[in-house]
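Next come the chains, spelled out residue by residue.
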Amino acid sequence: MATKNIFSKHLPNVKLATRFDADGNEIQVEKREDEEQKRKEQDIIDTLVGAGYYRAHIQGLSSFDKIVGGMTWCIEACDYDVNVDLLFHENLTIGQKIALTEKIVGVLPRMKCPFLIEPHQIQGLDFINIFPVVQWLVKRSVENRSKKADTLRKLAATQFQNHFTLESDRELQRLRAKQLGNLQAIESKYLPKRQFKLRKAAGGGWVPVRPKDAAEQEMPDGGTGALEDGTGTGLEDEDEEEDLSVATESEHNIPVDLTDADRSKLTNKYDDIKHKLSADGVENISDRNRIKSQLALKLALEKKLELALNERDQLRGTVLEEEQQLQEAADRKESLEEEIRNLDNLEITENNQKILDHVKELLLKNERMKKQETQFKENCKKELAELQQKIEKAEASTPDEDMVELQRQLDMELERLKSLRLQLAKKNRSYVAIKRQLDTVPDRTELAQYQRRFLELYNQVSAKHRETKQFYTLYNTLDDTKLYLEKEMSLLNSIYDNYANAMQNPHSREQFVQQFETIVEGIRATKAKLKKKCDDEKAKRDGLNAQLLCLMEQQRKYAATVKQLTMECQRNEALMQHLKGLKASSHASTQQ
């Protein structure tokens, strides 16, 4: 067991974080850890990963990067705009971090977040206060994404119904078209035909008369074609008036050899008599027809009443039988319940329980066997009916006819199989050609995968290049250090070798001191030169960092401008569509 150093200054819950100053020297800073904060941090990361923000799994990112990136991702998933760059710089100051967090905190009140948080709490990684905000944002983003998914699903279903038709719908349309054709054929075959026409009598008034084409047809009720009310809708032309005059003359029995004056007198006299008789006759006919219709209606109602009474008696008998059966079932149920209660009251021992379980199993098995028996009987009946049909068909047909029929069916099926194979081969060729064409053109998913792989490759190459560059820099630094150390060793060795000879007389001592001062001045000049070079490199680094920050700010502004431009373009397209609709409606109203 390893011994613990009791003189160590490190506390058990204190971790020394390694930092470097501007000169590259290591600085030891005490950072106190809190178990509750660590637990909340892990809960936040698990919540973000569970919601779909897998960037929080990356080990190389800082906690600030993960938290701010996850909150920004959730806010954007809720359709709120946040002008924040997720590619954070490692040397951001506290003011820059607070500026980033202020943009996030400014969006939360617009989203009606029930939890309050300050920018310095996010920058200071106060996970206890950050966790409820992240939890609420994740819940809100999941709800918004589910709503979007439902909307897209409905839109996809609508587009599918607008551009595609299922086979069942097409079959239903064909069936409706066929039924409509049959209905039209029946209507064209059984057209309505006129049974009566009104002809003007000689003395005035209208008399119903059968037309010539319906003279031989009979009415459905076996009548002579007289209308009940003596009214009609037809009018006669000149030919019918001529036929009516000829029929009137033949009906009046007017002699042909009379003069016109006598003929007119006889005709007028006969018309007067017929007019007097016709009014009474028409009224009698209409009353008689009305009485007939009333009698027929009375007979029909009596028949319906008799049928209703018979049906009522049958229903009463059925109801009585059902009530009797219900009473018997209720009595039987009461007796069974009484038996069950008596059996439940009995003391059930272990043997009785085993017997009861065995009886239950046997009853269940009996029920299953009854069902299987019923199904087996039904299957046997179906098979027997099929076999009888086959036997009847076989007895009715001769072997030669069967062979001819089978050969004909075989030839038809072979021909159909051949045509289907040709169609299948044609479809396969076209499918392979189209698939080849589609495979040659990458879709958005493949392009996104290519882009992702290129970015990963670029990141790997960049990391390898950075690592190699660091190795080269380390090698050059160590080489320079070695060179300076060798020079220092050679200088010290030469000083050590010449020190004894230089101290023999004062003149050589003075020369030695002058040479030593010259060497010290050269070392100081070299040190000043290297320090100036180091300062130049630091200034160059600071300038590049400032330039990088400016470029990243421009990139953020560019992304925000592009997003705003896209929204304006979409708005312009919507306005153009609305304007076209207004123009079309105004044009249609002017045409009307």
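Everything quoted here is computed from the prediction, not taken from an experiment.

Points about the overall build of the chain
Broken down by element type, the chain carries 12 helices and four strands. In the chain, which comprises 592 residues, the share counted as buried stands at 13%. A separation threshold of at least 6 residues defines the contact pool for the chain, and within that pool the share at least 24 residues apart is 48%. Carbon and sulfur atoms provide 56% of the accessible area of the chain, an area that totals close to 50000 Å².

Concerning the environment of Phe516
On the secondary structure map, Phe516 appears in helix 12 (residues 506-591). Classification of Phe516 by relative accessible area gives partly exposed; the value is 39%. For the pair Phe516 and Ile495, spaced 21 residues apart in sequence, the C-alpha to C-alpha distance is 8.4 Å.

Describing the packing of aromatic side chains
For the structure on display, the rule yields three aromatic pairs. With centroids separated by 5.7 Å and ring planes inclined at 40°, the aromatic side chains of Tyr53 and Trp73 adopt a geometry described as tilted. Remark: Trp73 occurs in helix 2 (residues 63-77) and Tyr53 occurs in the loop between helix 1 (35-51) and helix 2; sequence separation between them is 20 residues. The partly exposed category is assigned to Trp73, whose relative accessible area is 23%. Ring geometry for Tyr499 against Phe512: centres 6.1 Å apart, planes inclined by 70°, an arrangement best described as edge-to-face. Of this pair, Tyr499 sits in helix 11 (residues 444-502) while Phe512 sits in helix 12; the two residues are 13 residues apart in sequence, bridging distant segments of the chain. On the basis of relative accessible area, Phe512 is assigned to the buried category, the value being 12%. Each residue in the set Tyr499, Phe512 and Phe516 is aromatic and connected to the rest through ring pairs, giving one cluster.

Here we look at the side chain of Gln37
Within the fold, Gln37 resides in helix 1. Residue classification places Gln37 among the buried residues on the basis of a relative accessible area of 17%. Not counting the four nearest positions on each side in its chain, Gln37 is found in contact with Leu125, Asp126, Phe127 and Ile128.

Structural notes on the pattern of salt bridges
A complete count under the given rule lists 13 salt bridges for this structure. Residue Arg174 is joined to Glu167 by a salt bridge in which the shortest nitrogen-to-oxygen separation is 3.5 Å. A salt bridge links Asp313 to Arg312, with the shortest nitrogen-to-oxygen separation between them at 3.9 Å. The class of Arg312 is partly exposed, set by a relative accessible area of 38%. Overlapping salt bridges bring together Glu167, Arg170, Glu171 and Arg174 as one network.

Here's the deal with the confidence of the model for the chain
Reading fine detail from the predicted coordinates is not recommended where pLDDT is low. Residues with a pLDDT of 70 or more make up 76% of the chain, whose mean pLDDT is 77. Note that pLDDT drops below 50 for residues 1-19; the model gives that stretch 23 contacts with residues more than four away or on any other chain. Predicted confidence is poor over residues 215-257, with pLDDT under 50, and the contacts of this stretch with residues over four places away or in other chains come to 50 contacts.

Thoughts on a nonpolar patch on the surface
On the surface, a nonpolar cluster with roughly 520 Å² of combined accessible area is contributed by Leu447, Tyr450, Phe454, Leu457 and Val461. Overall, Leu457 belongs to the partly exposed group, its relative accessible area being 46%.

Focus: the packing of helix 11 against helix 12
Where helix 11 contacts helix 12, the two axes come as close as 10 Å, and the packing angle between them is 170°. In terms of orientation, helix 11 lies roughly antiparallel with respect to helix 12. In this structure, helix 11 meets helix 12 at a crossing whose hand is left-handed. Here helix 11 contributes Tyr484, Leu491, Ile495, Asn498, Tyr499, Asn501 and Ala502 to the contact with helix 12, which in turn contributes Ser508, Arg509, Phe512, Phe516, Ile519, Ile523, Thr526 and Leu530. A per-class count over the contact of helix 11 with helix 12 returns 10 nonpolar, four polar and one charged.

Overview of the packing of helix 2 against helix 3 (residues 94-107)
At a minimum axis separation of 11 Å, helix 2 and helix 3 run at an interaxial angle of 30°. The angle between the axes of helix 2 and helix 3 places the two elements in the roughly parallel class. Classified by chirality, the crossing of helix 3 by helix 2 is left-handed. Only Lys97, Thr101, Ile104 and Val107 of helix 3 make contact with helix 2, whose side of the interface consists of Phe64, Val68, Met71, Thr72 and Ile75. Split into classes, the residues belonging to the contact of helix 2 with helix 3 amount to six nonpolar, two polar and one charged.

Focus on the state of the cysteines
Here the structure, examined in full by the defined rule, presents zero disulfides. Of all cysteine sulfurs in the structure, the one in Cys74 sits closest to Cys78, which takes part in no disulfide; the separation is 7.0 Å.

Calculation criteria
- Residues numbered from 1 in each chain as written.
- Predicted model: local features only at pLDDT ≥ 70, side-chain atom pairs only at ≥ 80, totals over all residues.
- Heavy atoms only, no water.
- Helix = DSSP H or I, 4+ residues; strand = E, 2+ residues; numbered from the N terminus.
- Buried < 20%, exposed > 50% of the residue type's maximum accessible area, 1.4 Å probe, protein only.
- Contact = heavy atoms within 4.5 Å.
- Areas by Shrake-Rupley, 256 points an atom, 1.4 Å probe, with all protein chains shown as cover.
- Phe/Tyr/Trp six-rings, centres within 6.5 Å; stacked < 30°, edge-to-face > 60°.
- Salt bridge = Lys/Arg side-chain N within 4 Å of Asp/Glu carboxyl O.
- pLDDT = per-residue confidence, 0-100.
- Patch = residues over 30% accessible without salt bridge, like charges linked within 9 Å, V, L, I, M, F, W, Y side chains within 5 Å.
- Axes fitted to C-alpha atoms, helices over the stretch in contact; angles between N-to-C directions.
- Parallel < 35°, antiparallel > 145°, perpendicular 65-115°, else oblique.
- Left-handed = near helix turned anticlockwise from the far one by under 90°.
- Nonpolar A, V, L, I, M, F, W, Y, C, P; charged D, E, K, R; others polar.
- Disulfide = S-S within 2.5 Å.

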